[in-house]
Amino acid sequence: MELPDSEGPVICALGHRLLVAYLVDQGDSFAYVQYRHLAEADMTMEQLHAVAVQNLAALAEERLEVRQYGSIYAVLMGGTFEASLVLLEDFWSEWYSHLAPSGFVVAFPARDILAFGDASSVEVIGELNQVCQRCNGDVDHPLTNTLYRRDGSSWSPLHD
């Protein structure tokens, strides 16, 4: 099915096969932000992204929990936007940087699953791979079974 450009969802490429789509909570469901919405609001993609990240940070400050399981940490935030936290700079550079002194490696096999640990640990990498294997084909809104490592303020596949 082809849509006019204005009806297409706004999608931002982060690189390394990672994409960001923007959603609006409509109470009982979510709707994609479309290019026509940007035009109607006289907003750029950069402005939309900034507002979305601010909203995500506010949600995280209200709901975020990080729990340790074995050598990894599970991120809980209500069951919808956990994987989106890879976009939240403060989460990685300030709030939880002490948990991964050699850098972060993460798994986000679905939109509601985010786990992380220290990138230097073979045990962490093994446990994160197990998280992905347990979720393989058995989750709503699957994302990726690839583990990602934080490089500066961006993410790249652990085994590229």
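Just so it is clear, the model here is predicted, and its values are computed rather than measured.

(A) Quick look at the pattern of salt bridges. Tallied over the entire structure, the rule returns six salt bridges. Residue Glu40 is joined to Arg36 by a salt bridge in which the shortest nitrogen-to-oxygen separation is 3.6 Å. Placement of the pair is Glu40 and Arg36 together in helix H1 (residues 35-41), with a separation of four residues, close to one helical turn. Judged by its relative accessible area of 60%, Glu40 falls in the exposed class. With a relative accessible area of 30%, Arg36 lands in the partly exposed category. Via salt bridges that share partners, Glu7, Arg36 and Glu40 belong to a single interconnected network.

(B) Spatial organisation of the pairing of strand E8 (residues 113-118). Counting buried positions along E8 yields five of six residues, so the element is predominantly enclosed. Here strand E6 (residues 72-76) pairs with E8 via three bridges, running antiparallel. Along E8, the bridge assignment pairs Val75 with Leu114. Where strand E7 (residues 104-110) meets E8, five bridges bridge the pair, whose relative direction is antiparallel. Bridging across to E8, Val105 finds its partner in Gly117. Taken together, E7 and the strand that follows it, E8, pair antiparallel across an intervening segment of two residues.

(C) Expanded view of a nonpolar patch on the surface. Taken together, the side chains of Leu23, Phe30 and Tyr32 make up a nonpolar region of the molecular surface, amounting to roughly 270 Å² of accessible area. With respect to the helices, strands and loops of the structure, Leu23 is situated in strand E3 (residues 23-25). The exposure class of Leu23 is partly exposed, given its relative accessible area of 33%.

(D) Here's a closer look at the sheet that holds strand E10 (residues 154-157). What the six strands build is an open sheet, ordered E5-E6-E8-E7-E9-E10; its pairing is antiparallel. Looking at the sheet topology across the chains shown, the edges are occupied by strand E5 (65-69) and E10. Pairwise comparison of adjacent strand axes, ignoring direction, gives a mean angle of 30° for this sheet. Relative to E10, strand E9 (residues 148-151) runs antiparallel, the two being bridged by four bridges. Considered in E10, the bridge of Arg149 is made with Ser156. Of the strands in this sheet, E5, E6, E7 and E8 touch helix H4 (residues 122-135), which is tilted by about 5° from E7.

(E) View of the environment of Arg134. Looking at where Arg134 falls in the secondary structure, it is placed in helix H4. Sequence separation between Arg134 and Pro109 is 25 residues; the distance between their C-alpha atoms is 9.5 Å.

What counts and how
- Residues numbered from 1 in each chain as written.
- Predicted model: local features only at pLDDT ≥ 70, side-chain atom pairs only at ≥ 80, totals over all residues.
- Heavy atoms only, no water.
- Salt bridge = Lys/Arg side-chain N within 4 Å of Asp/Glu carboxyl O.
- Helix = DSSP H or I, 4+ residues; strand = E, 2+ residues; numbered from the N terminus.
- Buried < 20%, exposed > 50% of the residue type's maximum accessible area, 1.4 Å probe, protein only.
- Pairing = 2+ DSSP bridges.
- Patch = residues over 30% accessible without salt bridge, like charges linked within 9 Å, V, L, I, M, F, W, Y side chains within 5 Å.
- Areas by Shrake-Rupley, 256 points an atom, 1.4 Å probe, with all protein chains shown as cover.
- Axes fitted to C-alpha atoms, helices over the stretch in contact; angles between N-to-C directions.
- Contact = heavy atoms within 4.5 Å.

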